[in-house]
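# Understanding the architecture of this molecule
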Amino acid sequence: MSKPIYVLNGPNLNLLGVREPEIYGYTRLSDIEARCTELAAARHVPVVFRQTNHEGELIDWVQEAREHASVLILNPAGYGHTSVALLDALKALSQPIIECHLSNPHAREPFRHHSYVSLAAKAVIAGMGAIGYELAIEAALRLIEK
């Protein structure tokens, strides 16, 4: 059995489906988790799926992924635009990092146009809504198979 794909989610993503659905959609994070787990399980790859509103906890999980993950999919939410500490933790990983955003940050407010996470990411998937996570899982599975 291969190492799991880690899917880590930053602040406010626990409110998916109710917070600004015109931007983020109506799909709940638990539905996204179920779909990611189902897609990866079909290829016998486990998924570790987590969400936190706390920057330090997210960094702890990134550091854990260094030892235990095959690929890291990260939706940093607001921390992507603000957290050098998160970037530093990501730069310690040798695993591929896929940055995932529900909305397209480049089509939004100017402060969202910069992502520290992108400096460490192999790929960025943005603007596809909940389907973006499915695309990220497929990309992760292909990276694992290489």
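Residues numbered from 1 in each chain as written. Predicted model: local features only at pLDDT ≥ 70, side-chain atom pairs only at ≥ 80, totals over all residues. Heavy atoms only, no water.

## Quick look at the packing of helix H2 (residues 29-41) against helix H5 (residues 131-145)
Two quantities define a packed helix pair, namely the angle between the axes and the distance from one axis to the other. In plain terms, the rule: With axes taken as lines fitted to C-alpha atoms, and helix axes fitted only over the stretch in contact, angles between N-to-C directions fall between 0 and 180 degrees. Secondary structure elements are taken from DSSP: a helix is a run of H or I of four residues or more, a strand is a run of E of two residues or more, and numbering for both begins at the N terminus. An angle below 35 degrees is treated as roughly parallel, one above 145 as roughly antiparallel, one from 65 to 115 as roughly perpendicular, and anything else as oblique. Helix crossings get a hand from a simple test, with the near helix turned counterclockwise from the far one by less than a right angle marking a left-handed crossing and a clockwise turn marking a right-handed one. Two residues qualify as a contact provided that any one of their heavy atoms is within 4.5 Å of a heavy atom in the partner residue. Three classes are used: nonpolar for Ala, Val, Leu, Ile, Met, Phe, Trp, Tyr, Cys and Pro, charged for Asp, Glu, Lys and Arg, and polar for all others, with Gly counted as polar.
For the pair H2 and H5, interaxial distance at closest approach is 10 Å and the crossing angle is 25 degrees. Viewed along their axes, H2 and H5 adopt a mutual orientation that is roughly parallel. Between H2 and H5 lies a crossing whose hand is right-handed. Residues Leu 29, Ile 32, Arg 35, Cys 36, Leu 39 and Ala 40 of H2 pack against Tyr 133, Glu 134, Ile 137 and Leu 141 of H5. When the residues that make up the contact of H2 with H5 are grouped by side-chain class, the tally is eight nonpolar, no polar and two charged.

## Notes on the nonpolar core
Our working definition: We call a set of buried residues a nonpolar core when its members are Ala, Val, Leu, Ile, Met, Phe, Trp, Tyr or Cys and they connect through side-chain atoms within 4.5 Å of each other. Between buried and exposed lies partly exposed: a residue is buried under 20% and exposed over 50% of the maximum accessible area for its type, with that area taken using a 1.4 Å probe on protein chains only.
Residues Ile 5, Val 7, Ile 32, Ile 73, Tyr 133 and Ile 137 are the most contacted members of the largest nonpolar core, which totals 24 residues. Contributions of two or more residues to this core are made by strand E1 (5-9), H2, strand E2 (47-51), strand E3 (71-75), strand E4 (97-101) and H5. For this core, the leading source of residues is H5, giving five residues. Once residues within four sequence positions are removed from consideration, Ile 73 is found in contact with Ile 5, Tyr 6, Val 7, Leu 8, Ile 98, Cys 100, Ala 136, Ile 137 and Ala 140. Among the nonpolar cores identified, the runner-up in size contains 19 residues, and Ala 65, Leu 93, Val 117 and Ala 121 belong to it.

## Quick word on the UniProt feature "binding site: substrate" (unreviewed entry) in the chain
Defined as follows: UniProt positions are given in the numbering used here, feature names are shortened, and annotations may be inferred rather than shown by experiment.
As recorded in UniProt, the feature "binding site: substrate" (unreviewed entry) lies at Asn 75, His 81, Asp 88, Leu 102, Ser 103 and Arg 112. Mapped onto the secondary structure, His 81 falls in the loop between E3 and helix H4 (84-90). Mapped onto the fold, Asp 88 is located in helix H4. On the accessibility criterion, Asp 88 (46% relative accessible area) is partly exposed.

## Regarding unusual backbone geometry
Positive phi is not limited to glycine here, since Asn 12 has a value of about 75 degrees. Looking at the element boundaries, Asn 12 is found in the loop between E1 and helix H1 (21-24). The backbone phi angle of Glu 20 is positive, close to 45 degrees, even though this residue is not glycine. Structurally, Glu 20 is set in the loop between E1 and H1.

## Looking at the pairing of E1
How we decide: A strand pair is defined by DSSP finding two or more bridges across the two strands.
Here E1 lies mainly inside the structure; five of its five residues are buried. Of the two faces of E1, the one carrying Ile 5, Val 7 and Asn 9 and the one carrying Tyr 6 and Leu 8 are both buried. Pairing geometry for E1 and E3, over five bridges, is parallel. Directly across from Tyr 6, in E3, lies its bridge partner Leu 72.

## Some points on the sheet that holds strand E5 (residues 123-126)
Within the open sheet, the five strands sit side by side as E2-E1-E3-E4-E5. Their pairing is parallel. The outermost strands of the open sheet, each flanked by one partner alone, are E2 and E5. Each neighbouring strand pair of the sheet contributes to a mean axis angle of 15 degrees, computed without reference to strand direction. Bridge count for E1 against E2 is five bridges, and the pairing is parallel. Its bridge partner being in E2, Ile 5 is matched across the sheet by Val 47.

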